[in-house]
Structure formats: C-alpha cells, structure tokens
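Residue-level structure breakdown
These are the residues of each chain, in order.
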Amino acid sequence: MNQSQIYKIIMISILSAISFILMLISVPLPFFPPFLKFDIADIPAYIGFILFGGGVGVLIIVIKIIIYGFLVSSEPIGPIANLLASLSYLIPIYIIYVKSKTSKSLITGIVVGTLFMTFVLSILNYFILLPLYGMILDQRAVFENVKTLVTAGIIPFNIVKGILLGVVIYIVHTKLIPILKKQKEKSTL
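Residues numbered from 1 in each chain as written. Predicted model: local features only at pLDDT ≥ 70, side-chain atom pairs only at ≥ 80, totals over all residues. Heavy atoms only, no water.

Another aspect to go through is the overall build of the protein. The helix and strand inventory of the protein stands at 8 helices and 2 strands. Along its sequence from the N terminus, the protein presents helices and strands in the succession α-β-β-α-α-α-α-α-α-α. For 189 residues, the compact-globule estimate of 2.2 N^0.38 gives 16 Å, and the protein sits close to it at 17 Å. By its C-alpha atoms, the protein is 60 × 35 × 25 Å across when sized along the principal axes. A burial count over the protein gives 45% of its 189 residues as buried. In the protein, the proportion of contacts linking residues at least 24 apart, taken out of those at least 6 apart, comes to 69%. (Helix = DSSP H or I, 4+ residues; strand = E, 2+ residues; numbered from the N terminus. Rg over C-alpha atoms; globule rule 2.2 N^0.38 Å. Buried < 20%, exposed > 50% of the residue type's maximum accessible area, 1.4 Å probe, protein only. Contact = heavy atoms within 4.5 Å.)

Right, let's get into the nonpolar core. The biggest cluster of nonpolar side chains holds 40 residues, and the ones touching the most others in it are I47, Y89, L90, I93 and I169. Put simply, the parts of the chain that give this core at least two residues each are α1 (3-24), α2 (42-52), α3 (54-71), α4 (77-100), α5 (103-136), α7 (146-175) and α8 (177-187). Not counting chain neighbours up to four residues away, the residues in contact with I93 comprise Y46, L106, G109, I110, G113 and I169. L22, A41, I65 and Y68 belong to the second-largest nonpolar core, a separate cluster that totals 6 residues. (Core = buried A, V, L, I, M, F, W, Y, C linked by side-chain atoms within 4.5 Å.)

Attention shifts here to α7. In this model, α7 (30 residues) spans 41 Å end to end at C-alpha, consistent with the 44 Å of a helix rising 1.5 Å per residue. The largest bend in α7 amounts to roughly 25 degrees and is located at I154, with the proline P156 lying one to four residues further along. (Expected span 1.5 Å × (residues − 1). Bend = angle between axes of the 7 residues up to and from the residue.)

As a further point, take the packing of aromatic side chains. Scanning the entire structure with this criterion turns up 4 aromatic pairs. Look at Y7 and F52: their rings are 6.2 Å apart centre to centre, the planes differ by 55 degrees, and that puts the pair in the tilted class. Of this pair, Y7 sits in helix α1 while F52 sits in helix α2, and the two are 45 residues apart along the sequence. F52 matches Y7 in its accessibility class, with the two residues each being buried. With centroids separated by 5.3 Å and ring planes inclined at 45 degrees, the aromatic side chains of F49 and Y94 adopt a geometry described as tilted. Of this pair, F49 sits in helix α2 while Y94 is found in helix α4, placing the two residues 45 residues apart along the sequence. (Phe/Tyr/Trp six-rings, centres within 6.5 Å; stacked < 30°, edge-to-face > 60°.)

Moving on, we come to the side chain of K64. Here K64 is to be found in helix α3. Beyond its immediate stretch of four places on either side in the chain, K64 contacts S19, F20, M23, A41, D42, N82 and S86.

Mean pLDDT over the protein stands at 93; residues scoring 70 or higher make up 97%. The weakest mean pLDDT in the protein belongs to helix α6 (residues 140-144) at 69; the strongest belongs to α2 at 98. (pLDDT = per-residue confidence, 0-100.)

Here we take up a nonpolar patch on the surface. Together, F119, I123, Y126, F127, I128, L132, M135, I136 and L137 line one region of the surface with nonpolar side chains, adding up to about 860 Å² of accessible area. Looking at the secondary structure, you find F127 in helix α5. Owing to a relative accessible area of 56%, F127 belongs among the exposed residues under this scheme. (Patch = residues over 30% accessible without salt bridge, like charges linked within 9 Å, V, L, I, M, F, W, Y side chains within 5 Å. Areas by Shrake-Rupley, 256 points an atom, 1.4 Å probe, with all protein chains shown as cover. Salt bridge = Lys/Arg side-chain N within 4 Å of Asp/Glu carboxyl O.)

As structure tokens, then:
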C-alpha cells in the first residue's frame, strides 16, 4: 500500500468520525417540529467529495449513518432520512461543481442541491418516512397531519437547512479545501 492510499484511508476515517460527532451536535431550529434538527455533519462528506471524488463522499455519509444507527438511534427512520437528505443535497452540488470548478458552479450546485433535497424529502416524507415514523412510534397525530407536516415543516426546514449548510460549505471550500488539497499533494510525493 503506497503513501497516497494510506493517506486516503486515514482521511476517510477521520472525516467519517468528525461527521458522526457533528451529527450528535444537532439543534432544533425555531418554528419547526422538534424532530427536525439542524447539524453540519455533511461538511466532512463534502470535503471527501471534493478531495477524493463521489464514491468517497458517499462512503463517508454511509459510515456516519451506520455508526449513528448502531450507537445512538432508537429507530431507523431518522438515520434513513438523514442518509437520503445528505445524498440528495451533496451529490448535485458535487456534480455541478466538478464540471467547471468555479465559485459560480459551487453556488449553483448549492441552490440545486437545496431544491433537490427539498423535493426528494418532501415526496419521501409524505409517502414513506413520516407514515413509517408514525407507525413505529405509534403516533396517530403523524398519520393525521402528514400533509401539514410536509408543507409547514419539511419543505421550509430543508430550504433553511440547505441555505445554512451552503454558507458553511462555501466558507469551508474557500478557506479549508485549498489547505487540504496541498496536504493531499504532499502525501503523494
């Protein structure tokens, strides 16, 4: 195994662990249902996408969710929703950014990622996730208010989440990514 491969494995491990820890530091946002919490756990996965490509970014998200699922979660719906949110947000950002690697493409990716995540989670929450969540936790109110939860909670929450994450991603991209790219280049020498 060469130095570059060792560096990659170490970085995947570190970014996955940081992502898991950041997932634990989640906060509810005012005016939203309490089960919708904001965290910046997608930032390490974004770094993995940019430094090593899409497969590594996805791997970091999956590792984060597996660790969270085994160590923290008492039900499977939250981790599954988080996995789907992370993938539907970060993959469009990565695909759009990689084409031209400019600030404009990053911002476009953030906007598209926010809209795509909002759309995907609205549909999945309406038809699958919220009904399952209500069933598992025996919450009749969830069944009776799915439409309201999606329109008044899920949609605005994901828009706000996408924008807030986008701001952090932009800052990380401009300040931290160049440093990490230089460090990555040194590891291949």
